[in-house]
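Here are the chains, one letter per residue:
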Amino acid sequence: MASLKQLASQKEKFLGGHRACAGCAATIAARMVLTAAEQPVVVGAATGCLEVVSTIYPFSAWNVPYVHNAFENVAATMSGVEAAYRALKKKGMVEKDLRFIAFGGDGGTYDIGLQALSGMIERRHRVLYVCYNNEAYMNTGIQRSSATPRGAHTTTSPAGTEIPGKIQIRKNLTEIIIAHEPAYAAQTTIGYWNDLVTKVRKALDADGPSFINIYAPCRLGWAYVPEKTIKVSKLAVETCVWPLYEYENGKYKITVKPKEKKPITEFLNLQGRFGHLFKWRDDIPIKEYQEEVDMIWERLLKRSAQ
Amino acid sequence: MIVARTGNEAMAEAMRQINPDVVAAYPITPATEVVQLFSKFVHDGKVDTEFVPAESEHSAISACVGASSAGARVMTSTASQGLALMHEILFIAAGLRLPIVICLVNRALSSPINIHCDHSDSLASRDSGWIQIFAENTQEAYDSTIMAVKIAEKALLPAMVTTDGFIISHGMERVDMVDDAAVPKFLGTRQAKTSLLDVDNPITLGALDLQDYFFEHKRSEIDAMNNVLPIVAEVQKEFGEKFGRHYPLVDEYKMEDAEVAILAMGSTGGTGKVAVDNLREQGKKVGLVRCRIYRPFPKDAMLKAISKVKVLGITDRADTMSTMGGHLYNECRSILYDSDARPLMKNYIYGLGGRDISIEDIENIYAELYSIQKSGKVDTDIVYYGVRGE
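Model, not experiment: these values are computed from the prediction. (Residues numbered from 1 in each chain as written. Chains lettered and ligands numbered in written order. Predicted model: local features only at pLDDT ≥ 70, side-chain atom pairs only at ≥ 80, totals over all residues. Heavy atoms only, no water.)

Peer 1: Looking at this model, I keep getting lost on the pairing of strand 3 (residues 99-105) of chain A. Mind explaining?
Peer 2: The side chains of a regular strand alternate between both faces of the sheet. All names here are of chain A. Extensive coverage of strand 3 is indicated by the burial of seven of its seven residues. In the sheet, strand 1 (residues 41-45) pairs with strand 3 via five bridges, with the strands oriented parallel. From the neighbouring strand, Val42 faces strand 3, where its bridge partner is Phe100. Relative to strand 4 (residues 128-133), strand 3 runs parallel, the two sharing five bridges. Paired with Gly105 across the bridge in strand 4 is Tyr132. (Buried < 20%, exposed > 50% of the residue type's maximum accessible area, 1.4 Å probe, protein only. Helix = DSSP H or I, 4+ residues; strand = E, 2+ residues; numbered from the N terminus. Pairing = 2+ DSSP bridges.)

Peer 1: Teacher, can you tell me more about the sheet that holds strand 4 (residues 74-79) of chain B here?
Peer 2: Paired through their backbone hydrogen bonds, the strands of a sheet run either parallel or antiparallel. All names here are of chain B. Taken together, the seven strands give an open sheet; going across it, the order is 3-2-4-5-7-6-13, and neighbouring strands pair in mixed fashion. Each edge of the open sheet is held by one strand with a lone partner, namely strand 3 (50-53) and strand 13 (293-295). Neighbour to neighbour, the strand axes of the sheet diverge by 20° on average, direction disregarded. Two strands pair when backbone bridges link them, and strand 5 (residues 101-106) and strand 7 (residues 159-164) are joined in this way by six bridges, in the parallel orientation. (Axes fitted to C-alpha atoms, helices over the stretch in contact; angles between N-to-C directions.)

Peer 1: Would you mind showing me how to read helix 2 (residues 33-43) of chain B here?
Peer 2: Residue pairs three or four apart in sequence face the same way in an α-helix, which turns once every 3.6 residues. Residues and elements named next belong to chain B. All buried positions along helix 2 are accounted for by Val34, Val35, Phe38, Ser39, Phe41 and Val42. The buried residues of helix 2 occupy an angular sector of 155° when the element is viewed end-on, so they sit on one face. Set apart from the buried face of helix 2 by more than 90 degrees, the exposed residues are Lys40 and His43. Residues of helix 2 that are buried sit in contact with helix 1 (7-18), strand 2 (22-25), strand 3 and strand 4. Its side-chain oxygen 3.0 Å from the backbone nitrogen of Val34, Thr32 forms the N-cap of helix 2. Once helix 2 ends, the next one or two residues include Gly45, with phi positive near 70°. (Arc of directions from axis to C-beta. Contact = heavy atoms within 4.5 Å. Polar contact = N/O pair within 3.5 Å; in protein donor to acceptor, adjacent residues only side chain to side chain.)

Peer 1: What is the right way to read the packing of aromatic side chains from this model?
Peer 2: Here the structure, examined in full by the defined rule, presents 22 aromatic pairs over all chains. Ring centres 5.9 Å apart and planes at 85° place the aromatic pair Tyr294 of chain B and Phe297 of chain B in the edge-to-face group. Judged on exposure class, the residue Tyr294 of chain B and its partner Phe297 of chain B are both buried. Among the aromatic side chains, those forming a connected cluster through ring pairs are Tyr215, Trp222, Trp242, Phe267, Phe274 and Tyr289 of chain A. Directly above the aromatic system of Phe41 of chain B lies the positively charged group of Arg16 of chain B, at a separation of 5.7 Å from the ring centroid. Across the ring face of Phe186 of chain B, the terminal group of Lys150 of chain B is positioned such that the distance to the ring centre comes to 4.4 Å. (Phe/Tyr/Trp six-rings, centres within 6.5 Å; stacked < 30°, edge-to-face > 60°. Lys NZ or Arg CZ within 6 Å of the ring centre and 35° of its normal.)

Peer 1: Honestly, the pattern of salt bridges in this entry has me stumped. Any pointers?
Peer 2: Pairs may arise between side chains of opposite charge once their charged atoms sit close together. Residue and element names in this part refer to chain B. Applying the stated criterion to the full structure yields 48 salt bridges over all chains. Among the salt bridges present, the one from Glu153 reaches Arg73, with a minimum N-O distance of 2.7 Å. Within this pair, whereas Glu153 is found in helix 6 (residues 138-155), its partner Arg73 is found in the loop between helix 3 (57-69) and strand 4, the two being separated by 80 residues in sequence. Its relative accessible area of 7% is what places Arg73 among the buried residues. One salt bridge connects Asp127 with Arg126, and the closest N-O pair in it is separated by 3.4 Å. Residues joined in a network through salt bridges with shared partners are Glu136, Glu140, Asp251, Lys273, Arg290 and Arg292. (Salt bridge = Lys/Arg side-chain N within 4 Å of Asp/Glu carboxyl O.)

Peer 1: Teacher, can you tell me more about the domain arrangement of chain B here?
Peer 2: Bring the parts together and some accessible area is lost; that lost area is often taken as the interface size. Residues and elements named next belong to chain B. Along its sequence, chain B is carved into domain 1 (2-242) and domain 2 (250-385). One C-alpha centre belongs to domain 1, the other to domain 2; they are set 28 Å apart. With 28 residues of domain 1 in contact, the opposing surface of domain 2 contributes 25 residues. Between domain 1 and domain 2 lies a buried interface of about 2,100 Å² when both sides are counted; carbon and sulfur atoms form 56% of it. If you sort the residues of domain 1 by the area they bury against domain 2, Leu123, Arg126 and Glu136 come out on top, with a joint share of 29%. At the junction of domain 1 and domain 2, the tally comes to five salt bridges. Among the salt bridges present, the one from Arg290 reaches Glu140, with a minimum N-O distance of 2.9 Å. For the side of domain 1 that touches domain 2, the class distribution of residues is 15 nonpolar, seven polar and six charged. (Domains from an automatic or database assignment. Buried area = accessible area lost by both parts, 1.4 Å probe. Nonpolar A, V, L, I, M, F, W, Y, C, P; charged D, E, K, R; others polar.)

Peer 1: Mind showing me how you'd approach unusual backbone geometry here?
Peer 2: The general pattern is negative phi for most residues beyond glycine and trans for most peptide bonds. Here Tyr57 of chain A and Pro58 of chain A are connected by a cis peptide whose omega angle stands at 5°. Of note, the amide linkage connecting Ser111 of chain B to Pro112 of chain B takes the cis form, showing an omega dihedral of -5°. Within the secondary structure, Pro112 of chain B is located in the loop between strand 5 and helix 5 (120-124). In this structure, Ile142 of chain A is a non-glycine residue whose phi angle is positive, near 60°. Looking at the secondary structure, you find Ile142 of chain A in the loop between strand 4 and helix 7 (173-178). Look at Ile142 of chain A and you get buried, because its relative accessible area is 18%. A positive phi angle, near 55°, is found at Asn19 of chain B, a position not held by glycine. Considering the arrangement of structural elements, one finds Asn19 of chain B in the loop between helix 1 and strand 2.

Peer 1: Honestly, the packing of helix 1 of chain B against helix 2 of chain B in this entry has me stumped. Any pointers?
Peer 2: Any two packed helices are characterised by the angle at which their axes cross and by the distance between the axes. Residue and element names in this part refer to chain B. Orientation of helix 1 relative to helix 2, taken along the N-to-C sense of each, is 40°, at an axis distance of 8 Å. Overall, the two elements helix 1 and helix 2 adopt an arrangement that is oblique. Classified by chirality, the crossing of helix 2 by helix 1 is right-handed. Across from Asn8, Glu9, Met11, Ala12, Glu13, Met15 and Arg16 in helix 1, the residues of helix 2 making contact are Glu33, Val34, Leu37, Phe38 and Phe41. Broken down by class, the residue content of the contact of helix 1 with helix 2 amounts to seven nonpolar, one polar and four charged. (Parallel < 35°, antiparallel > 145°, perpendicular 65-115°, else oblique. Left-handed = near helix turned anticlockwise from the far one by under 90°.)

So, in structure tokens, the structure goes:
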């Protein structure tokens with residue numbers, strides 16, 4: 001288990017002064033991931049909030065080597081960096097033992113970057129792919145993604161008079177990644193720093209591709225006050241909207257089990273993106289979201305018990 | 001060593017001798033055989049290359065960008081739709097000043113879907129910031145692939161070497177290969193100024209560049225392109241001195257006393273040279289100019305070559321869809337604007353989707369150029385040669 005004191009005493013690898021919103025979980029996630037890394041790392045980022053706020057020329061928040069290529073290809077870009085590392089290490093042109101981390105938002109991971117990510121894992125590049133999942137395209141104006149949950153208002157799934165937000169359920173990307181048999185896969189969130197740090201260290205130690213899906217509340221797109229970011233993150237876990245678990249060597253393990261599983265309404269009613277659901281003519285959207293959460297949680301309990 | 005090789009084999013052999021650190025590629029339809037030939041070299045232990053068999057051309061070139069940013073010498077190969085899929089990242093590779101080399105087989109872009117030769121794929125990426133070299137034959141494809149690595153690394157710009165689909169890529173020709181050991185010696189190792197793997201000196205690559213800096217950075221990229229032709233000339237000179245094969249920026253064939261000439265690019269240059277020889281035997285003073293380096297455009301050398309004649313037939317194996325003819329036609333008309341000597345010009349768009357162009361076809365074009373010379377005027381400035389109903 002990591003100690004906060006030890007983590008806090010390190011040289012910062014993701015610096016302040018960037019232009020993220022107050023209460024931005026994506027940047028908290030990036031800082032935590034880099035803090036957790038015990039080896040020197042090379043970072044890649046997909047186009048998205050994290051990239052935009054951290055690297056406005058001539059400034060950079062990254063105190064580690066960093067590359068941004070495009071939106072859909074951070075997994076492919078880091079595949080190339082990792083391949084170059086292997087090639088140059090073989091020739092004695094690189095001596096240090098390095099790790100590689102790719103960051104992408106849910107848009108760059110669940111949607112446009114899914115193919116590149118699938119390829120990176122299938123080819124077994126030793127890269128940790130971190131998805132900071134804020135459940136919509138926050139950088140481009142809060143459009144829906146395949147990570148956006150049932151009922152959520154986004155600018156392309158608006159809370160209308162006839163259709164109350166997004167009609168479809170979220171894609172379960174973590175399970176899609178697990179189907180690739182990566183060396184390590186997990187879900188975590190910033191509200192549980194120790195869970196996050198432990199998982200990042202496991203992922204970086206795993207001899208192969210790894211994936212961590214970090215639930216990263218967005219105060220702008222989710223419409224809550226900035227100081228509630230950690231609370232929202234924790235409620236996602238307490239309601240089982242975002243189960244914290246990991247997968248390695250064919251085994252599932254729930255890493256944080258809520259003492260009492262709260263109804264999702266406690267998570268939803270903190271956020272403006274779900275506000276319309278509480279005024280909607282029926283309870284179908286909330287009920288369907290609750291059913292999805294229950295189904296996935298029950299299945300996870302079964303899988304982790306095996 | 002004299003060997004018989006197809007264009008694809010010759011390019012793959014050049015890649016084997018270059019022994020890049022990383023090759024990332026994908027076999028889109030139409031796939032280029034270069035990669036599968038190279039894969040065999042990897043699996044037979046003939047190269048040290050880390051081969052990344054990507055899941056798309058988009059990812060292949062993206063991996064190339066990553067690997068090149070890490071200081072590696074990086075190559076890939078593609079054709080047609082594959083290059084189109086890479087399009088977005090071509091600009092990024094050039095903007096990040098990464099000397100990646102693509103072995104490109106020129107094949108028509110869909111639609112209609114077709115797998116045969118034209119230049120619509122490579123010319124659609126002419127504005128991407130890549131150096132573009134069009135080979136006339138297998139030997140030139142082989143030589144240019146080797147030279148392109150050196151040119152790209154000196155210019156800090158990516159480069160593509162193209163062969164004409166099937167005509168060169170699948171046609172078996174005599175190739176004089178240099179010794180395996182001579183290629184690494186000619187190229188040296190890549191000396192990247194920065195590397196993502198240098199964790200003690202961290203760099204941020206691909207930062208967001210807004211109104212206050214973007215233009216200066218783009219301008220510096222354009223400036224890099226301005227510096228390319230002298231680098232090409234220098235590398236070609238060095239290559240010629242070492243290996244005995246000399247390449248010009250613009251290939252002039254029997255142009256000294258030519259009255260009419262054809263401008264061509266790619267394999268048609270070779271076909272045209274045979275037509276020139278045939279017509280010369282009949283006493284006709286014809287010549288041929290071949291555009292070998294297309295990006296950057298060799299303005300001065302081209303102007304010197306084409307302004308000599310009275311009538312110039314410009315052949316283009318792609319259309320710009322501007323209703324103003326092909327790429328070479330437009331660019332040559334542009335450079336002639338300030339010239340005192342301006343030949344009468346006619347644009348022949350030909351060979352789209354692999355439609356054959358024969359020696360006889362080119363002789364017919366020369367005959368037409370002579371009749372233009374005689375009449376002193378061009379009736380139709382843009383024609384689509386060899387299309388039914390034209």
